[in-house]
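Remarks on the overall topology
The chain contents come next:
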Amino acid sequence: VRIEGLALTRANLAQIRRTVGYVFQDADDQLFMPTVHDDVAFGPTNLGLPPQQVEGRVRDALAAVDATHLAARAPHRLSGGEKRAVAMAGVLAMAPSILVLDEPSSGLDGLGRRRLIDLLCGLPQTRVIATHDLDLARAVCRRALVLHDGQLQADGDPQTLFADPGLSPGGRLEAPHGMAAAAGATAGADREVDGAHRLLRRAATRPGDAGDGDADVAPQAGADAAGHRPGDLLGNRAGALQQFGRD
């Protein structure tokens with residue numbers, strides 16, 4: 001394993017830890033100081049930075065996650081979305097070049113999730129996200145890797161991968177909302193076409209009048225004296241389909 005060109009060894013572990021910031025899945029496992037300000041300042045302070053630089057990092061990190069107004073609040077009194085933002089501020093205050101996030105959207109309501117996506121899209125750091133939220137992955141990531149039972153199943157562009165109906169190993173992933181809706185619309189259109197084909201086949205084998213619920217085909221202008229049989233519509237000949245008296 002190499003991180004920014006460095007092999008992961010005990011000798012350079014401290015340097016790598018400064019490079020990579022990890023945001024826990026449960027923000028309560030990450031927040032432990034009396035106030036939000038103290039929590040965000042904890043990391044830079046332990047790096048041995050001078051107080052003025054620590055304050056600058058705290059200010060910038062809270063501003064980056066739109067949480068400046070929470071600085072004096074106790075972390076345990078924040079909402080789930082606020083805790084997630086503050087936990088991320090604590091990591092950003094360490095100035096990492098790589099962010100690792102574990103299920104960052106879990107437990108968030110719709111508004112909190114949208115704010116998180118907007119925040120992640122605006123960050124300059126490299127982001128490595130472990131998630132089952134494919135909508136978030138599609139919005140934030142340029143590359144997706146699908147893992148199942150410790151094995152790599154797919155690797156590529158999220159838009160392409162998530163459009164594959166065979167993507168989900170073991171049925172554990174749901175297609176992004178927009179793609180699922182498109183797939184449902186396509187399936188509905190296919191069902192309508194299949195229904196029309198069955199109707200035409202029935203009309204071809206048992207012609208009736210338009211009033212008994214069967215399909216009746218009226219020949220177009222220029223048809224021969226016998227007209228077209230209803231089944232001709234299943235081929236390439238022209239005809240007008242009427243059912244229940246409607247064109």
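Please refer to the structure higher up on the page.
Below you will find a few notes about this structure. In this text, all values refer to a predicted model and were calculated from it rather than measured experimentally.

This next bit is on the nonpolar core. Buried together is how nonpolar side chains tend to be arranged in soluble globular proteins. Within the largest apolar cluster, 33 residues are counted, with the highest numbers of intra-cluster contacts made by V40, V65, M88 and L120. Secondary structure elements with two or more residues in this core: α2 (36–46), α3 (51–64), α4 (80–92), β4 (98–102), α5 (110–122) and α6 (134–140). Residue contributions to this core peak at seven residues, all from α4. Residues A144, A154, L161 and F162 belong to the second largest nonpolar core, which totals eight residues.

Let's shift gears to the pairing of strand β5 (residues 126–130). Where β4 and β5 come together, five bridges link them in parallel fashion. The residue of β5 that forms the bridge with L101 is I129. Handedness of the crossover is the feature at issue here: the chain leaves β4, passes through α5, returns alongside β5, and the resulting connection is right-handed.

What follows is about the sheet that holds β5. Across the sheet, which stays open at both edges, the three strands sit in the order β3-β4-β5 with parallel pairing between neighbours. Taken across any chain shown, the strands that pair with only one partner, and hence form the sheet edges, are β3 (20–23) and β5. Within the sheet, the average angular offset between the axes of one strand and its neighbour, ignoring direction, is 15 degrees. Direction of pairing for β3 relative to β4: parallel, over a ladder of four bridges. For G21, the partnering residue across the bridge sits in β4 and is L99. Seen against the sheet, α4 touches β3 and β4 and runs at an angle of roughly 165 degrees to β3.

Another aspect to go through is the packing of aromatic side chains. If you walk through the whole model with that rule in mind, you get two aromatic pairs. When the ring of Y22 is compared with that of F24, the centres are 5.1 Å apart and the planes differ by 50 degrees; the resulting orientation is tilted. Given the relative accessible area of 40%, Y22 is considered partly exposed. Taking relative accessible area as the criterion, F24 reaches 31% and is therefore assigned partly exposed. Judged by centre distance (5.0 Å) and plane angle (85 degrees), the ring pair of F32 and F42 falls under edge-to-face. Here F32 is found in the loop between β3 and α2, whereas its partner F42 is found in helix α2, with ten residues between them in sequence.

So, how was this worked out
Residues numbered from 1 in each chain as written. Predicted model: local features only at pLDDT ≥ 70, side-chain atom pairs only at ≥ 80, totals over all residues. Heavy atoms only, no water. Core = buried A, V, L, I, M, F, W, Y, C linked by side-chain atoms within 4.5 Å. Buried < 20%, exposed > 50% of the residue type's maximum accessible area, 1.4 Å probe, protein only. Helix = DSSP H or I, 4+ residues; strand = E, 2+ residues; numbered from the N terminus. Pairing = 2+ DSSP bridges. Right-handed = clockwise from strand over helix to strand, strands pointing away. Axes fitted to C-alpha atoms, helices over the stretch in contact; angles between N-to-C directions. Contact = heavy atoms within 4.5 Å. Phe/Tyr/Trp six-rings, centres within 6.5 Å; stacked < 30°, edge-to-face > 60°.

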